Amino acid sequence: MLKKSLWIVAALFLATSPAMAQGFYGGVGFGLVNIEEEDLGESFKDSPFGWRILAGYDFNDNFAIEGSYIQSGKAEDTVFGENVEVELSAFTVSAVGLMPLSDATQLFGKIGFYTGEQEVTVQSQTLDDDNDGFTVGAGVRFHSSDRFAIRGEFDWFDTDLDSLWSIGVGFQYYFGN
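Residues numbered from 1 in each chain as written. Predicted model: local features only at pLDDT ≥ 70, side-chain atom pairs only at ≥ 80, totals over all residues. Heavy atoms only, no water.

It is worth spelling out a negative patch on the surface at this point. Among the surface-exposed residues, E117, D128, D129, D130, D132, D158 and D160 lie close enough to one another that they form a single negatively charged patch. In terms of residue count, strand β7 (residues 125-143) provides more of the negative patch than any other element does, four residues in total. Within the secondary structure, D160 is located in the loop between β8 (148-157) and β9 (163-174). (Patch = residues over 30% accessible without salt bridge, like charges linked within 9 Å, V, L, I, M, F, W, Y side chains within 5 Å. Areas by Shrake-Rupley, 256 points an atom, 1.4 Å probe, with all protein chains shown as cover. Salt bridge = Lys/Arg side-chain N within 4 Å of Asp/Glu carboxyl O. Lys, Arg positive; Asp, Glu negative; His and termini not counted. Charge placed at Lys NZ, Arg CZ, Asp CG, Glu CD. Helix = DSSP H or I, 4+ residues; strand = E, 2+ residues; numbered from the N terminus.)

Now the structure itself:
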């Protein structure tokens, strides 16, 4: 499933010609990733520092497509007296609705699909599990110039965990004219 998603993202970006490049952007983001799970009366909860790399294309003032790679960082907690570590990574592809508030500021909402891996370590034993599902998010972008934008966003992921969401800030660079 991961390879299929990578091919989809690559095809979307390769399909854009240089004439369309004015809406193409890349960027990075940083923030907190909230991971929660309750099992048999014990709970796991941590909010490690995570990051993302993103790329997208603004088709017009109201619609974009965006792909990203997200890494949660290592979440740690004690469950039934044992140290448990959880790390998540995922690729996402989302349709993004944009609502301009001014020439420099836009609100956005996104809905998409993710595929990734969940790694859980208990007493030096590591279990890997592939996950995929839906993701939704919302945020705001402020364009400080024609080429740069600062963004703040919230993302939620449909997973087997009780709760998985992130909140953070990021930076975008626009390629082209």
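Additional details are given in the paragraphs that follow.
So, about a nonpolar patch on the surface. Where nonpolar side chains cluster on the molecular surface, the patch consists of V28, F30, F49, W51, I53, F142, I150 and F171 and spans about 750 Å² of accessible area. Elements that contribute at least two residues to the nonpolar patch include exactly β1 (24-39) and β3 (49-58). When residues of the nonpolar patch are assigned to their parent elements, the largest contribution, three residues, is made by β3. The exposure class of W51 is partly exposed, given its relative accessible area of 33%. (Buried < 20%, exposed > 50% of the residue type's maximum accessible area, 1.4 Å probe, protein only.)

Let us now look at the packing of aromatic side chains. Under the definition given, this model contains eleven aromatic pairs. Measuring from ring centre to ring centre gives 5.7 Å for F154 and W165, while their planes differ by 35°; the resulting arrangement is tilted. Of this pair, F154 sits in strand β8 while W165 sits in strand β9, and the two are eleven residues apart along the sequence. By relative accessible area, F154 is classed as partly exposed at 35%. For W165, a relative accessible area of 28% corresponds to the partly exposed category. Taken together through their ring pairs, the aromatic side chains of F24, F148, Y173 and F175 make up a single cluster. When the ring centre of Y25 is taken as origin, the NZ or CZ atom of R141, which lies over that ring, is 5.5 Å away. (Phe/Tyr/Trp six-rings, centres within 6.5 Å; stacked < 30°, edge-to-face > 60°. Lys NZ or Arg CZ within 6 Å of the ring centre and 35° of its normal.)

That is the geometry; function is a separate question.
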